[in-house]
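This is what each chain is made of:
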Amino acid sequence: MRKELKIDPAMKELWPDTKVGCFWYRVNVEQKNEALWSYLKKEIYKQVKDAIFDYGVNEIPNIKESRAAYKAFGKDPSRYRVSSEALIRRIGQGKGLYEVNTVVDANNLISIRSGFSVGSYDVSRLGERLVFRTGKPGETYKGIGKAEVHIENLPVLADALGPVGSSTSDSERAMITEETKEVLTLIYCFSGKEELEKAMEYGETYLKQYAGAADLTSWIAE
């Protein structure tokens, strides 16, 4: 079931370009898609390294704007990196990416190519109404593969039970597993709408081609 997602007006006031690209779809999550990894290693890694050479990581389009938004929200972007920046830095350092599953790997592919943070969530573990807002004083959650993540002032996705994800590091609550059947993939955008629309166009292709997304619908929350 498609979820209702709204952006907190206070967040828009701090950064008017805040938007979220949304994909809802059904899926059978698998361990690995070999074609995705071949494409990553033959095409995308080279593009990333070229972008680092041309711009420097902090100035890559859409990462640059995300870092500026973090500062506007009151979070140090060098200490709490937007997830796309963290992925791109791994590639630049020759570390490559972790293999997780077909949905998360396609999610990361969209993030690396676009420079936007992208998060994917198990719909069955989300409330009906979602809000994209900044973290409240003292808020934390258990990150995926991490201890407590301090999310105060970070851009966070929340429902009635509280924060479930952020553009830096998601929580364990709605993480994608091989039991997941419905997914909400979100592109967290702090840039112009044209950049987001481009990312959604190839993002839909990647989700269908590499993650097997079916019955996919998409929209932009702004």
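Now for a look at the structure at hand. (Residues numbered from 1 in each chain as written. Predicted model: local features only at pLDDT ≥ 70, side-chain atom pairs only at ≥ 80, totals over all residues. Heavy atoms only, no water.)

The subject of this paragraph is the pairing of strand E7 (residues 155-159). Burial of E7 is extensive: five of the five residues sit out of reach of the surface. Taking every second residue as pointing to the same face, both faces of E7 are buried, with Pro155, Leu157 and Asp159 on one and Val156 and Ala158 on the other. By the bridge criterion, four bridges tie strand E4 (residues 129-134) to E7 in an arrangement that is antiparallel. Note on E7: the bridge partner recorded for Arg133 is Val156. Bridging between E7 and strand E8 (residues 162-166) involves four bridges; their strand directions are antiparallel. When the sheet's bridge partners are listed, Val156 is paired in E8 with Ser166. Connecting E7 to the antiparallel partner E8 that follows it, the hairpin turn spans two residues. (Buried < 20%, exposed > 50% of the residue type's maximum accessible area, 1.4 Å probe, protein only. Helix = DSSP H or I, 4+ residues; strand = E, 2+ residues; numbered from the N terminus. Pairing = 2+ DSSP bridges.)

So, about the packing of helix H5 (residues 102-114) against helix H6 (residues 193-211). Put simply, H5 and H6 touch, their axes get as near as 9 Å, and they point 155° apart. On the basis of the axis angle, H5 is roughly antiparallel to H6. Here the hand of the crossing between H5 and H6 comes out right-handed. Taking contact as the criterion, the partners of Thr102, Val103, Ala106, Leu109, Ile110, Arg113 and Ser114 in H5 are, on H6, Ala199, Tyr202, Gly203, Tyr206, Leu207, Tyr210 and Ala211. Taken together, the residues of the contact of H5 with H6 sort by class into ten nonpolar, three polar and one charged. (Axes fitted to C-alpha atoms, helices over the stretch in contact; angles between N-to-C directions. Parallel < 35°, antiparallel > 145°, perpendicular 65-115°, else oblique. Left-handed = near helix turned anticlockwise from the far one by under 90°. Contact = heavy atoms within 4.5 Å. Nonpolar A, V, L, I, M, F, W, Y, C, P; charged D, E, K, R; others polar.)

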